[in-house]
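Read off the chains here:
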Amino acid sequence: MPFTFKQFHIDDSRCGMSVSTDGVLLGAWAPLAEAKNILDIGAGSGLLSLMAAQRSHFDAKVTAIELDSAASDDCQANIDSSPWPTKITLLHTSIQNYCLSFLQHPQAHFDHIICNPPYFTNGPQTQNVARATARHTDQLSFIELLNAIAQLLHSHGTASLIIPTQSWSQFQQALAQAPLHICEYVDVSSVEGKPANRLLLAVKHGKALLPIVNRQMHIRNKQGHYSAQMIDFCRDFYLKL
């Protein structure tokens with residue numbers, strides 16, 4: 001369904017995954033303020049690309065990659081109607097094909113990569129093909145994603161992701177095979193006092209030499225209202241904050 005933010009509007013009617021709290025949280029949390037060359041893997045409706053365009057340096061460039069044709073149409077329309085149509089370039093392709101092209105025609109590496117990746121490795125899949133592609137790792141496994149990040153990320157860059165806690169073990173196994181490490185993560189619970197059900201992750205090149213920074217946050221307090229942290233993250237985006 002359409003969703004209006006303070007500076008842009010999202011129509012996600014043809015996308016496998018609609019605007020979600022996870023996406024907004026990731027786009028608001030990722031360290032994008034100084035980034036000048038940003039990649040959004042699996043852009044979908046363009047939510048993360050548009051949040052990155054709003055939050056990043058005024059002359060930053062955002063490259064959005066989306067495999068699904070219908071989602072690409074929505075994404076391009078949302079970009080065109082935003083305040084940043086020249087700041088974001090949409091490519092209708094897979095990240096695997098983009099990596100092959102990048103290898104054949106080298107260009108500047110990205111100083112920030114952002115992705116709300118497919119995360120289900122098993123279990124029943126919806127009959128909606130676009131939604132299944134967006135949610136399951138059949139066409140983009142964790143190891144493929146991490147290898148793509150390793151190839152495309154600048155040596156001093158950062159990648160930001162969000163995954164459910166149920167996928168944490170599989171993600172760690174894939175990470176062990178990639179030349180990357182987690183430098184920061186945030187345990188996120190839906191409600192104050194409840195166990196964390198998703199993880200915000202910041203990933204860099206190499207293997208960890210310094211202690212990982214770990215934080216916790218909850219989206220809503222026990223009264224059902226947004227927490228102070230959530231309000232601080234999202235006040236520049238949600239209309240009612």
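Residues numbered from 1 in each chain as written. Predicted model: local features only at pLDDT ≥ 70, side-chain atom pairs only at ≥ 80, totals over all residues. Heavy atoms only, no water.

Q: I'd like a rundown of the state of the cysteines, residues and numbers included.
A: Under the criterion given, the structure shown has 0 disulfides. Left unpaired, Cys15 is separated from the closest cysteine sulfur, that of Cys75, by 7.5 Å. (Disulfide = S-S within 2.5 Å.)

Q: Quick rundown of the packing of helix H4 (residues 95–104) against helix H6 (residues 142–152)? Include the residues and the values.
A: Packing of H4 against H6 leaves a shortest axis separation of 10 Å and a crossing angle of 30°. One finds that H4 runs roughly parallel with respect to H6. The interaxial crossing formed by H4 with H6 has left-handed handedness. Every residue of H6 that contacts H4 at Ile95, Gln96, Tyr98, Cys99, Phe102 and Leu103 is listed here: Glu144, Ala148, Gln151 and Leu152. (Axes fitted to C-alpha atoms, helices over the stretch in contact; angles between N-to-C directions. Helix = DSSP H or I, 4+ residues; strand = E, 2+ residues; numbered from the N terminus. Parallel < 35°, antiparallel > 145°, perpendicular 65-115°, else oblique. Left-handed = near helix turned anticlockwise from the far one by under 90°. Contact = heavy atoms within 4.5 Å.)

Q: Help me get a handle on the packing of helix H1 (residues 21–29) against helix H2 (residues 47–55), residues and values and all.
A: One can describe the packing of H1 onto H2 by two numbers: an axis separation of 9 Å at closest approach and a directional angle of 25°. Classified by the angle between their axes, H1 and H2 sit roughly parallel to one another. Of the two possible hands of crossing, H1 and H2 adopt the one that is right-handed. Only Leu47, Leu48, Met51 and Arg55 of H2 make contact with H1, whose side of the interface consists of Gly23, Val24, Leu26, Gly27, Ala28 and Trp29. Of the residues assigned to the contact of H1 with H2, the class counts are 7 nonpolar, 2 polar and 1 charged. (Nonpolar A, V, L, I, M, F, W, Y, C, P; charged D, E, K, R; others polar.)

Q: How would you sum up the nonpolar core? Please name residues and give values.
A: Phe5, Phe8, Val24, Leu25, Leu47 and Leu200 are the most contacted members of the largest nonpolar core, which has 39 residues in total. Residue contributions to this core peak at 6 residues, all from H2. If you look at the next biggest cluster of nonpolar residues, it comprises 31 residues, including Ile41, Leu146, Ile149 and Ala174. (Core = buried A, V, L, I, M, F, W, Y, C linked by side-chain atoms within 4.5 Å. Buried < 20%, exposed > 50% of the residue type's maximum accessible area, 1.4 Å probe, protein only.)

Q: Explain the sheet that holds strand S5 (residues 88–92) residue by residue, including any values.
A: With respect to topology, 8 strands assemble into an open sheet ordered S5-S4-S3-S6-S7-S9-S8-S10, the strand pairing being mixed. Two strands close off the open sheet at either side, each with one partner strand: S5 and strand S10 (213–220). Adjacent strand axes in the sheet meet at a mean angle of 20° when their direction is disregarded. Relative to strand S7 (residues 153–164), strand S6 (residues 110–115) runs parallel, the two being bridged by 5 bridges. If you follow Ile114 over to S7, its bridge partner there is Ser160. (Pairing = 2+ DSSP bridges.)

Q: Now, about the pattern of salt bridges: what can you tell me, with residues and values included?
A: The tally for this structure, following the rule as stated, stands at 3 salt bridges. The salt bridge involving Glu184 is made with Arg215; its shortest N-O contact spans 2.2 Å. Taken together, the residues span a long stretch of sequence, with Glu184 in strand S8 (residues 180–191) and Arg215 in strand S10 at a distance of 31 residues. Arg215 sits in the partly exposed class, given a relative accessible area of 44%. (Salt bridge = Lys/Arg side-chain N within 4 Å of Asp/Glu carboxyl O.)

Q: Which residues make up H4, and what are the values?
A: Residues spaced three or four apart along an α-helix face the same direction, because each turn holds 3.6 residues. All of the buried residues along H4 are Ile95, Tyr98, Cys99 and Phe102. Buried residues of H4 fall within an arc of 100° about the axis and therefore sit on the same side. Seen from the buried face of H4, the exposed residues on the opposite side, beyond 90 degrees, are Leu103 and Gln104. On its buried face, H4 is in contact with strand S3 (37–41), strand S4 (61–66), S5, S6 and H6. (Arc of directions from axis to C-beta.)

Q: How would you explain the packing of aromatic side chains if you had to name every residue and give the values?
A: With the rule as written, the count across this model stands at 11 aromatic pairs. With centroids separated by 6.2 Å and ring planes inclined at 10°, the aromatic side chains of Phe5 and Tyr238 adopt a geometry described as stacked. Of this pair, Phe5 sits in the loop between strand S1 (3–4) and strand S2 (9–10) while Tyr238 sits in the segment after helix H8 (228–234), placing them 233 residues apart in sequence. For the pair formed by Phe5 and Tyr238, the shared burial category is buried. Directly above the aromatic system of Tyr226 lies the positively charged group of Arg220, at a separation of 4.3 Å from the ring centroid. (Phe/Tyr/Trp six-rings, centres within 6.5 Å; stacked < 30°, edge-to-face > 60°. Lys NZ or Arg CZ within 6 Å of the ring centre and 35° of its normal.)

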